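Structural characterization, general
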Amino acid sequence: MKSLIVLCHPERTSFNGYLADSAAEALSPYGEVCMSDLYTEGFDPAEGPSHFATPLNTSRFSALAEQRAAYQNNTLPADVAREIERLEWADFVLLQFPIWWHSAPAMLKGWFDRVFVSGGLYTSSMRYGNGYFRGKTAMCSVTLGAPADVCVPGGRGGDPDAMLWSTQYSLHYMGFAVLPPYICTAVQGEGYRYTDDESFVARLTSLETGLAQRLSSVREDTPLSFADWDDWDSDGRPLSG
Ligand SMILES: Cc1cc2nc3c(=O)[nH]c(=O)nc-3n(C[C@H](O)[C@H](O)[C@H](O)COP(=O)(O)O)c2cc1C
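What you are looking at is a predicted structure, and each value in this text was computed from that prediction instead of being measured. (Residues numbered from 1 in each chain as written. Predicted model: local features only at pLDDT ≥ 70, side-chain atom pairs only at ≥ 80, totals over all residues. Heavy atoms only, no water.)

**Looking at the side chain of Lys 136**
- Looking at the element boundaries, Lys 136 is found in the loop between helix H4 (106-115) and strand E4 (137-143).
- The residues touching Lys 136, leaving out its near neighbours within four places in the chain, are Leu 87, Glu 88, Trp 89, Ala 90, Asp 91, Gly 175, Phe 176 and Ala 177. (Helix = DSSP H or I, 4+ residues; strand = E, 2+ residues; numbered from the N terminus. Contact = heavy atoms within 4.5 Å.)

**Topic: the pattern of salt bridges**
- For the structure shown, the criterion picks out 12 salt bridges.
- The partner of Glu 47 in a salt bridge is Arg 114, and the shortest N-O contact between them spans 3.9 Å. With Glu 47 in the loop between strand E2 (33-37) and helix H2 (63-72) and Arg 114 in helix H4, this residue pair connects regions lying 67 residues apart in the sequence.
- Using a relative accessible area of 24% as the deciding quantity, one classes Glu 47 as partly exposed. (Salt bridge = Lys/Arg side-chain N within 4 Å of Asp/Glu carboxyl O. Buried < 20%, exposed > 50% of the residue type's maximum accessible area, 1.4 Å probe, protein only.)

**What to know about the pairing of E4**
- Counting buried positions over the 7 residues of E4 gives 6, a clear majority of the element.
- Two strands pair when backbone bridges link them, and strand E3 (residues 92-98) and E4 are joined in this way by 7 bridges, in the parallel orientation. When the bridges of E4 are listed, Leu 95 appears paired with Cys 140.
- After leaving E3, the chain enters H4 and then returns to the sheet as E4, a path that is right-handed. (Pairing = 2+ DSSP bridges. Right-handed = clockwise from strand over helix to strand, strands pointing away.)

**A short note on the side chain of Thr 185**
- Assignment of secondary structure puts Thr 185 in the loop between strand E6 (182-184) and helix H6 (197-215).
- Accessibility expressed as a relative area gives 15% for Thr 185, which makes it buried.

**Description of the site of the ligand**
- As a structural note, the neighbourhood of the ligand is formed by 15 residues, with His 9, Asn 16, Ile 99, Trp 101 and Thr 143 the closest of them.
- Contact distances for the ligand include 2.5 Å between an oxygen atom and a side-chain N or O atom of Thr 143.
- Here an oxygen atom of the ligand and a backbone polar atom of Ala 146 are 3.0 Å apart.
- When the residues that make up the shell around the ligand are grouped by side-chain class, the tally is 8 nonpolar, 7 polar and no charged. (Near = heavy atom within 4 Å. Polar contact = N/O pair within 3.5 Å; in protein donor to acceptor, adjacent residues only side chain to side chain. Nonpolar A, V, L, I, M, F, W, Y, C, P; charged D, E, K, R; others polar.)

**Points about H6**
- Look at H6: 26 Å from first C-alpha to last across 19 residues, which is about the 27 Å you get at 1.5 Å a residue.
- For H6, every residue scored as buried is listed here: Phe 200, Leu 204, Leu 207, Leu 211, Arg 214 and Leu 215. Looking down the long axis of H6, one finds its buried residues gathered within 90° of arc, a one-sided arrangement. Along H6, the residues that are exposed and aim more than 90 degrees away from the buried face are Glu 198 and Gln 213.
- Residues of H6 that are buried make contact with helix H1 (15-27), E3, E4 and E6. (Expected span 1.5 Å × (residues − 1). Arc of directions from axis to C-beta.)

**Some points on the environment of Asp 91**
- Within the secondary structure, Asp 91 is located in the loop between helix H3 (78-89) and E3.
- For Asp 91 and Thr 137, which are 46 residues apart along the polypeptide, the C-alpha to C-alpha distance reads 6.4 Å.
- Apart from residues no more than four positions distant in its own chain, Asp 91 is found in contact with Met 1, Lys 2, Lys 136 and Thr 137.
- Within polar-contact distance, the side chain of Asp 91 engages the backbone nitrogen of Lys 2 at 2.6 Å.

**A look at the nonpolar core**
- Membership of the largest hydrophobic core comes to 39 residues, with the highest contact counts inside it found for Leu 95, Phe 97, Leu 108, Trp 111 and Phe 116.
- Elements represented by at least two residues in this core include exactly strand E1 (3-7), H3, E3, H4, E4 and helix H5 (160-173). (Core = buried A, V, L, I, M, F, W, Y, C linked by side-chain atoms within 4.5 Å.)

Structure (structure tokens):
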């Protein structure tokens, strides 16, 4: 099983940075591991005209039209082409990121915006169960500052499953089987809550142990259940309910 870890965090010595490294170690017995470290590699998350050297239309920018043309003409931006190559290579994709404002950080959202190329990696018929990455598995590993007992539907911290819905549904849209996430609560970064090395390392070690254990079963895990083509009428409306 070849694994790609997509790390989205601006600080390499953060909980998320270390968790990405321990995930790489935990996955290495099963096959090669590659890391996309979005901040270190300077990934530009903002889709826009500057990414298209030979645009279809110079007076009005359409992301969908430019992506499709760049894919067809083999003129995708180098960073996007590199990320696609890594995704094509991998059997298993782990997204490692902190929850920021009840969602994924903007950098990771921008990675979806740019890397999942319209007209190339998805079309009206090539999505969900017919998605480009069908046969591959993906999973989110996230940290939240709020404690576990308030991270529930209706609780003060909010429902982590709701926070991950758009990320996981987009992975499903692209054809991935999406495994249940690894969610770490009460993680507040070094220099904030964990002001000394000892408490930071103790907390990190428990999170790393949990992640390694979780990753040891990814080859057998049951994916999350999402609605798919069989659940919709020809206009995409749900058949039941
Ligand atoms: C911009 C920003 C927004 C955040 N929003 C949330 C949030 O919505 N819910 C939450 O529980 N924690 C939130 N946090 C706390 C982070 O999730 C927490 O600091 C992080 O998981 C710690 O891991 P790290 O040391 O790898 O950064 C936020 C932190 C930042 C910087």
